Amino acid sequence: MSPALPRWADLALIPALNLALAFLAAGLVVVFIGEDPVQAVSVLIRGSLGSSYAIGFTLFYATTFVFTGLAVAIAFHAGLFNIGGEGQAILGGIGVALAALWLDTTHWLVVLPAAIVAAALFGAAWAAIPGILAATRGSHVVITTIMFNFIASALLVYLLVNVLRVPGAMSPETRRFAEGAHLPFMHTMLGHLGIGMARTPMNIASLLALLAALGTWVLIWRTRLGYEIRAFGHSEPAAVYAGISPVRIIVVVMLISGAMAACMALNVVLGYQQRLVLEFTAGAGFVGIAVALMGRSHPFGVVLAAILFGMLYQGGAELAFEMPAISRDMIVVIQALVILFTGALERMVRGPVERLFARRPARAAT
Amino acid sequence: MASAAQAPDAPAIELRGISKSFGPVKANEDIDLRVEPGTIHGIVGENGAGKSTLMSILYGFYQADAGEILIGGKLTPIPDSDAAIRAGIGMVHQHFMLVENFTVLENVVLGAEDGALLRPSLAKARAELTRLARDYELQVDADAVVGDLSVGFQQRVEILKALYRHADILILDEPTGVLTPAEADHLFRILRFLRDQGKTIILITHKLREIMAITDRVSVMRRGRMVATLDTARTSPPELAELMVGRRVLLRVDKGPAKPGDVLMQVRDLKVNDWQGVERLRGVSFDLRGGEILGIAGVAGNGQSELLEVLAGIRPASGGSVRFRGEALALDSVANAEARRALGIAHVPEDRHRRGLVMPFSEWENSCLGYHGEPRYAGPAWTMDRRAIRELAQAGIEKFDIRPPSVDLTTSNFSGGNQQKIVLAREIERDPDVLLVGQPTRGVDIGAIEFIHREIVALRDRGKAILLVSVELDEIQALADRIVVMFDGRISGARAAGETDERELGLLMAGIDPAERAA
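### Re the overall build of chain A
Regarding its fold elements, chain A presents 16 helices and zero strands. Relative to the globule expectation of 21 Å for 366 residues, the C-alpha radius of gyration of chain A, 22 Å, shows essentially globular dimensions. Seen through its C-alpha atoms, chain A measures out along the principal axes to roughly 80 × 60 × 40 Å. For chain A, the proportion of its 366 residues judged to be buried stands at 54%. Here the analysis covers contacts within chain A between residues at least 6 apart in sequence; of these, 75% occur between residues at least 24 apart.

Written out as structure tokens, the structure is:
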């Protein structure tokens, strides 16, 4: 925390500067491969925001990143670095699929709550093991959660190949969920309201993501548990002094964080793919880290950052399509630059900006 | 090395006018010091007197704001520890700087390798270690893994490291803090031997007994200043104690005689081990009555902090018992703080920055820290009633005159005195039966000190029990009705406040009981 910086600069100016730098660097890369960076940016923006189709895809990706971003942000508040979002999301997918396969002859209003509970339970259970190890044995969650990502991935392969695969089918995936487990798409819901929207994977889970962001805000800043989490995250000795049990906080926060990461499967598995496939997480757990960093661990910041990353995903796909010289890998480079500048190099601009602000009142005084 | 250029009568070290500030705190102020070659020179002072800062300047960890350093009569700037080593200075830190999973040999060579390849360096070091072991009687197995060695042997490795780097001047920072008495005796034999071989040794300690036992000369520091340098043979523990503590202007606190009531807290044979297994409390017993202030005096690090933390329920005890109103308190875990508060035992911790407050929180958030689970703060469901908290925080600000009077200000932006008032407002406002207070006025301005003392006395006059731990002897004398002095994890004496004086307390703080000696 720097007393030198006004709140608006901390929340808006610094992320904006970081983003501008990231795009500047990305633009240079585009110039290097002999393409026009201005055109690339316009394709990227048009491809992500230029039509209801583009917006639908952007928000679909953003929904996923809200869940994984919130998961990381909650853990940050307790001073924990949960980078196991990927593995927890995989377990969430398994939970969602099991609930859907079991109940898909009923109605989505039955399936959705069951899927939420299943995802949360599976994700929380997966995060609980590193959490308990950290709380009682002092093992580092960064190490344990990343190892659990690999275990989760292997578990998913095993289940899809040996247990959940449709007998006789070649591909390692579950059967398609029946009609009763299909969530309403955003275009159908808006259609009922008389608003036209192109067909996109965006579904009701986007609203759940907003609710999750709101719930996280309430949890962190309004509840007693949130108060204890923040106290512990800022100062463990002070938390112990206040009678807050570090073991309890670490475990509870990891449970919530794991459950939150797992809920991304509602959007992807239940809302869109309607079956469980390999690699459905597509690195969303890791994008969540960048989203939480860029959103400064604030739920609303996380939502904004998630939308930005949704734009990069969707706009990037369009870019690869329209400008073939800019390959899929280039898109990953651009995304990586954004993560690098907003996450890892965040302090690079902070120093100069702080000095700038520190100098202003001094000048006013003379 | 440095000794080669040394004039025969030049001091090994001469410091002239060394000053060093950290922000507003003057850690060292205009310090002059001469250390003669071939002597053991002690530096004593209470914690925070500036001993470690001074030695860190000498070893190049800090740069002095002003002043100069002469080694062997030659002006020697010491910008970093490499320069200190080149000037022939070696340091044995209080907390060893050893790589635990390396062997003794590897640790000795570390940072002093001759080239990119290790083997020649190690071979040279092995020969050198054999020589050092012969010359200075510092036998240690060169191939033993350091983590397997006892603390005494690890310290020996630290000394060997310094000698391997051709140190002529050895600085030891509180070297006996981690040693058993037998290991300490052995260390002293080594130090005497090193001195007889012509090395110069600086021993930093707050234990007067060690100063008397081993040093040739002794310098006393107090509050960042060098107050005296004496021949050890011509001084005495009482004189040193007095110099350390100082003839302070006695604080006057308006208070009537105490009216001790029932025993509220009974502490019996309390023992505490720290995480290294070192015994920090070695059987402490006392009674705490309502309507009295019991002052715990002592040089910092003699077990007072541990006592306070065990009573407050944030540190487990390893033995003994504590009864509150006749009921035994749980002493087994670090998480008893909430239960203690529920019983009416409040705690103003010694370290308000790390423990007493969450610095990035706003004032109102800290105004309920530890009491945040109370029903009066509860809102609907699991939420907290922000309005109620803020209103009570505002009341606390008015009652305790906290400035600036803003519940929304971030806690780290308050001054030290006002931060302490935030803690006190929170703990006293509940009208606890027992108040445990550690260093209530450390880093607090004079105005706030008076206010805090008045509040503590007012609580006593309401019949409550107060346990006051302070390293400020004048604070203890001004406030306490009864004084217990701690030394080395034990109570070295208990006195009624009116029947003792600084001299006697100073001796007790050094572990010497004048009453026993007279008998």
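Further notes follow.
### So, the overall build of chain B
Looking only at helices and strands, one finds 18 helices and 20 strands in chain B. Over its C-alpha atoms chain B spans a radius of gyration of 26 Å, differing by no more than 12% from the 24 Å that the globule rule assigns to 519 residues. Taking the principal axes of its C-alpha atoms as reference, chain B extends roughly 75 × 60 × 45 Å. Taken over 519 residues, chain B has a buried fraction of 55%. Counting only contacts in chain B whose residues sit at least 6 apart along the sequence, the fraction spanning at least 24 positions is 66%.

### Examining the interface of chain B and chain A
Taken residue by residue, the interface counts 29 residues in chain B and 18 residues in chain A. With both sides pooled, the region where chain B packs onto chain A buries about 2100 Å², and carbon together with sulfur makes up 62% of that total. By the criterion of area lost to chain A, the three top residues of chain B are B:R355, B:F361 and B:H372, representing 24% of everything that side buries. We note a salt bridge from B:E365 to A:R230, for which the minimum N-O separation is 2.6 Å. The tally of links from chain B across to chain A stands at 13 residue pairs in polar contact (both at pLDDT 80 or more). Looking at the side of chain B that touches chain A, the elements with two or more residues in it are α10 (337-343), α11 (352-356) and α14 (416-429) of chain B. Of the residues in the side of chain B that touches chain A, the class split is 14 nonpolar, seven polar and eight charged.

### Re the sheet that holds strand β16 (residues 345-348) of chain B
Residue and element names in this part refer to chain B. Here six strands make up an open sheet; going across it, the order is β16-β17-β18-β13-β19-β20 and the pairing mixed. Each of the sheet's edge strands pairs with one partner strand only, and the pair in question is β16 and β20 (490-496). The mean inter-strand angle of the sheet, taken between neighbouring strand axes irrespective of direction, is 15°. Of the strands in this sheet, β16 and β17 (434-438) touch α14, which is tilted by about 180° from β16.

### Re the pattern of salt bridges
Residue and element names in this part refer to chain B. Using the criterion set out here, one finds 46 salt bridges over all chains in the structure. The partner of R16 in a salt bridge is E68, and the shortest N-O contact between them spans 3.4 Å. Here the residue R16 occupies a position in strand β1 (residues 13-22), and E68 occupies one in strand β4 (residues 66-71), the gap between them amounting to 52 residues. Taking relative accessible area as the criterion, R16 reaches 36% and is therefore assigned partly exposed. The exposure class of E68 is partly exposed, given its relative accessible area of 32%. Through salt bridges with shared partners, a single ionic network connects R325, D431, D433, R462 and K464.

### Topic: helix α2 (residues 37-49) of chain A
Residue and element names in this part refer to chain A. A rise of 1.5 Å per residue sets the reference length of α2, with its 13 residues, at 18 Å; its end C-alpha atoms lie 18 Å apart and thus fit the reference within 8%. Along α2, the residues classified as buried are A40, V43, L44, G47 and S48. The arc that holds every buried residue of α2, seen down its axis, measures 115°, which confines them to one face. Looking at the buried residues of α2, the elements they touch are α1 (7-32), α3 (52-77) and α14 (299-322). Of the residues flanking the start of α2, the one acting as N-cap is D36, its side-chain oxygen 3.0 Å from the backbone nitrogen of V38.

### Focus: the nonpolar core
Inside soluble globular proteins, nonpolar side chains tend to come together where they are buried. Formed by 171 residues in total, the largest nonpolar core has its most connected members in A:L270, A:L276, A:F280, A:F309 and A:L319. For this core, the leading source of residues is α3(A), giving 11 residues. Built from parts of two domains, this core gets at least three residues from each of domain 1 (2-245) and domain 2 (263-360 + 433-518) of chain B. Every residue in contact with A:F280, bar those within four places of it in the chain, is listed here: A:A89, A:I90, A:G93, A:L156, A:M264, A:A265, A:V268, A:V269 and A:Q273.

### Some points on helix α13 (residues 386-399) of chain B
All names here are of chain B. Given a rise of 1.5 Å per residue, 14 residues ought to cover 20 Å, and the 20 Å separating the end C-alpha atoms of α13 matches this to within 8%. Burial in α13 covers these residues: A388, I389, A393, G396 and I397. Of the surrounding elements, those touching the buried residues of α13 are α12 (363-366) and α14. At the N-terminal boundary of α13, the capping side chain belongs to D385, with an oxygen 3.2 Å from the backbone nitrogen of R387.

### Re unusual backbone geometry
Residue B:R403 is joined to B:P404 through a cis peptide bond whose omega torsion reads -5°. By the element assignment, B:P404 lies in the loop between α13 and α14. Despite not being glycine, A:A282 shows a phi value in the positive range, around 50°. The residue A:A282 is located in the loop between α12 (264-273) and α13 (284-294) in this model. Since its relative accessible area comes to 54%, A:A282 is described here as exposed. Unlike most non-glycine residues, B:A381 shows phi in positive territory, near 55°. Structurally, B:A381 is set in the loop between α12 and α13. With relative accessibility at 70%, the residue B:A381 sits in the exposed group.

### What to know about the packing of helix α4 (residues 85-103) of chain A against helix α5 (residues 108-137) of chain A
Two packed helices can be described by the angle between their axes and the distance between those axes. Residues and elements named next belong to chain A. Running from N to C, α4 and α5 cross one another at 145°; their axes reach a closest spacing of 7 Å. The way α4 lies across α5 gives a crossing that is right-handed. In contact with G87, Q88, L91, G92, I94, G95, V96, L98, A99, A100 and L103 of α4, α5 contributes V110, V111, A114, A115, A118, A119, F122, G123, W126 and A127. Tallied by class, the residues present in the contact of α4 with α5 amount to 16 nonpolar, five polar and no charged.

### Remarks on the confidence of the model for chain A
Residues of chain A with pLDDT of at least 70 account for 97%, and the chain-wide mean is 91. Confidence drops under a pLDDT of 50 for residues 362-366 of chain A, and excluding neighbours within four residues, the segment shows zero contacts in the predicted structure.

### Describing a nonpolar patch on the surface
All names here are of chain A. Together, I143, I146, M147, F150 and F286 line one region of the surface with nonpolar side chains, adding up to about 500 Å² of accessible area. At four residues, the largest contribution of residues to the nonpolar patch is made by helix α6 (residues 141-163). Here F150 is to be found in helix α6. On the accessibility criterion, F150 (62% relative accessible area) is exposed.

### As for the environment of A:R328
All names here are of chain A. With respect to the helices, strands and loops of the structure, R328 is situated in helix α15 (residues 328-344). Note on R328: relative accessible area 41%, which makes it partly exposed. Sequence separation between R328 and E318 is 10 residues; the distance between their C-alpha atoms is 9.9 Å. With residues up to four places along the chain from it excluded, the contact list for R328 reads G316, A317 and A320.

### Considering the domain arrangement of chain B
All names here are of chain B. In terms of domains, chain B is made up of domain 1 (2-245) and domain 2 (263-360 + 433-518). The centre of domain 1, based on its C-alpha atoms, is set 33 Å off from the matching centre of domain 2. Across the contact, 13 residues belong to domain 1 and 16 residues belong to domain 2. Note on domain 1 versus domain 2: buried area summed over both sides is about 1200 Å², and carbon and sulfur give 62% of it. Three residues stand out in domain 1 for area buried against domain 2, namely R209, P238 and V245, and they jointly supply 32% of the buried area on that side. Along the contact surface separating domain 1 from domain 2 lie one residue pair in polar contact (both at pLDDT 80 or more). Mapped onto the side of domain 1 that touches domain 2, the elements with two or more residues apiece are α7 (208-214) and α8 (237-245). The greatest single-element share of the side of domain 1 that touches domain 2, amounting to six residues, is contributed by α8. Class assignment of the residues belonging to the side of domain 1 that touches domain 2 gives a composition of six nonpolar, three polar and four charged.

The rules behind the values
Residues numbered from 1 in each chain as written. Chains lettered and ligands numbered in written order. Predicted model: local features only at pLDDT ≥ 70, side-chain atom pairs only at ≥ 80, totals over all residues. Heavy atoms only, no water. Helix = DSSP H or I, 4+ residues; strand = E, 2+ residues; numbered from the N terminus. Rg over C-alpha atoms; globule rule 2.2 N^0.38 Å. Buried < 20%, exposed > 50% of the residue type's maximum accessible area, 1.4 Å probe, protein only. Contact = heavy atoms within 4.5 Å. Buried area = accessible area lost by both parts, 1.4 Å probe. Salt bridge = Lys/Arg side-chain N within 4 Å of Asp/Glu carboxyl O. Polar contact = N/O pair within 3.5 Å; in protein donor to acceptor, adjacent residues only side chain to side chain. Nonpolar A, V, L, I, M, F, W, Y, C, P; charged D, E, K, R; others polar. Pairing = 2+ DSSP bridges. Axes fitted to C-alpha atoms, helices over the stretch in contact; angles between N-to-C directions. Expected span 1.5 Å × (residues − 1). Arc of directions from axis to C-beta. Core = buried A, V, L, I, M, F, W, Y, C linked by side-chain atoms within 4.5 Å. Domains from an automatic or database assignment. Left-handed = near helix turned anticlockwise from the far one by under 90°. pLDDT = per-residue confidence, 0-100. Patch = residues over 30% accessible without salt bridge, like charges linked within 9 Å, V, L, I, M, F, W, Y side chains within 5 Å. Areas by Shrake-Rupley, 256 points an atom, 1.4 Å probe, with all protein chains shown as cover.

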